[in-house]
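# Analysis of the macromolecular model
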Amino acid sequence: MSDTVKNEITIEHQQDKQRFIIPFEGYEAVLEYQVSGKNIDFNRTFVPNELRGKGLAERLVRHGLRWAKSQDLAIQASCWYVQKFLK
């Protein structure tokens, strides 16, 4: 990934929609979750074809997991991609 791409990436937490997004070049990479009590389930990761191969999904997942830990939430993942980071 070029330095330009790294510098332009901003992760937005849309807590009302229970998701993290990276808006980039007119598209959005998304990590969705559901919180129930003190549990969180990361249930969907989506990166449009136009943004694939830039490491955005990994950035979203690592950011989301850090946030969940900071909130003392019990982390689960029904999304296969997020499950890879929990092993």
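Anyway, here's the lowdown on the structure attached to this text. (Residues numbered from 1 in each chain as written. Predicted model: local features only at pLDDT ≥ 70, side-chain atom pairs only at ≥ 80, totals over all residues. Heavy atoms only, no water.)

### A word on the packing of aromatic side chains
We count it as follows: To pair, rings of Phe, Tyr and Trp, with the six-membered ring standing in for Trp, must have centres within 6.5 Å; the planes then decide the type, stacked if under 30 degrees apart, edge-to-face if over 60, and tilted in the middle. Labels follow the DSSP assignment, with helices taken as runs of H or I lasting at least four residues and strands as runs of E lasting at least two, numbered in each case from the N terminus. Note on exposure labels: buried denotes an accessible area under 20% of the residue type's maximum, exposed denotes more than 50%, and partly exposed covers the range between, all computed with a 1.4 Å probe on protein chains only.
Going through the model one piece at a time under the given rule, you end up with six aromatic pairs. Taking the centre distance of 5.5 Å and the plane angle of 40 degrees together, the rings of Y33 and W67 count as tilted. Placement of the pair is Y33 in strand β3 (residues 27-36) and W67 in helix α2 (residues 56-70), with a sequence separation of 34 residues. Side by side, Y33 and W67 carry an identical accessibility label, which is buried. Summarising the aromatic geometry, the rings of Y81 and F85 are spaced 5.3 Å apart at their centres and angled 65 degrees between planes, so their arrangement reads as edge-to-face. An aromatic cluster of three or more residues is present, and its members are F20, Y33, F42 and W67.

### Topic: the environment of A74
Heads up, the condition is: By definition in these notes, contact holds between two residues if any of their heavy atoms fall within 4.5 Å.
Position of A74 among the secondary structure elements: in strand β5 (residues 74-77). The spacing of A74 and K17 is 57 residues in sequence and 19 Å in space, taken between C-alpha atoms. In this view, A74 contacts K38, N39 and I40; residues no more than four positions away in its chain are not counted.

### Re the sheet that holds strand β2 (residues 19-24)
We count it as follows: Only strands that DSSP links by at least two bridges are regarded as paired with each other. All axes are obtained by fitting lines to C-alpha atoms, using only the stretch in contact for helices, and the reported angles, taken between N-to-C directions, cover 0 to 180 degrees.
Read across the sheet, five strands follow the order β1-β2-β3-β4-β5 without closing on themselves; strand pairing throughout is mixed. Looking at strand neighbours, the two that pair on one side only are β1 (12-14) and β5, the edges of this open sheet. For this sheet the average axis-to-axis angle between neighbouring strands, irrespective of direction, equals 25 degrees. Relative to strand β4 (residues 39-46), β3 runs antiparallel, the two being bridged by seven bridges. Within β4, the position partnered with V30 by the bridge is F46. Across the face of the sheet, α2 comes into contact with β1, β2, β3, β4 and β5 while running at roughly 145 degrees to β2.

### Re the side chain of D41
Filter applied, for reference: In this charge count, Lys and Arg are treated as positive and Asp and Glu as negative; neither His nor the chain ends contribute. We define a salt bridge as a side-chain nitrogen of Lys or Arg found within 4 Å of a carboxyl oxygen belonging to Asp or Glu. Polar contact is defined as a pair of N or O atoms within 3.5 Å, subject to the rule that within protein one atom must be able to donate a hydrogen and the other to accept it, and that residues adjacent in sequence are counted only when both atoms are side-chain atoms.
Position of D41 among the secondary structure elements: in strand β4. Buried charge D41 goes without a salt bridge, the closest partner of opposite sign being R44 at 12 Å. Among the polar contacts listed, one links the side chain of D41 to the backbone nitrogen of S78, at a separation of 2.8 Å.

### What to know about the pattern of salt bridges
Evaluated as defined, the whole model comprises three salt bridges. As a salt-bridge pair, R44 and E32 come within 3.0 Å of each other at their nearest N and O atoms. With a gap of twelve residues between them, R44 in strand β4 and E32 in strand β3 connect regions that are remote in the sequence. Its relative accessible area of 37% is what places R44 among the partly exposed residues. Judged by its relative accessible area of 24%, E32 falls in the partly exposed class. One salt bridge in this structure joins E58 and R62, with 2.8 Å as the shortest N-O distance. Taken together, the positions of E58 and R62, both in helix α2 and four residues apart, correspond to about one turn of that helix. The exposure class of E58 is partly exposed, given its relative accessible area of 33%. Its relative accessible area of 41% is what places R62 among the partly exposed residues.

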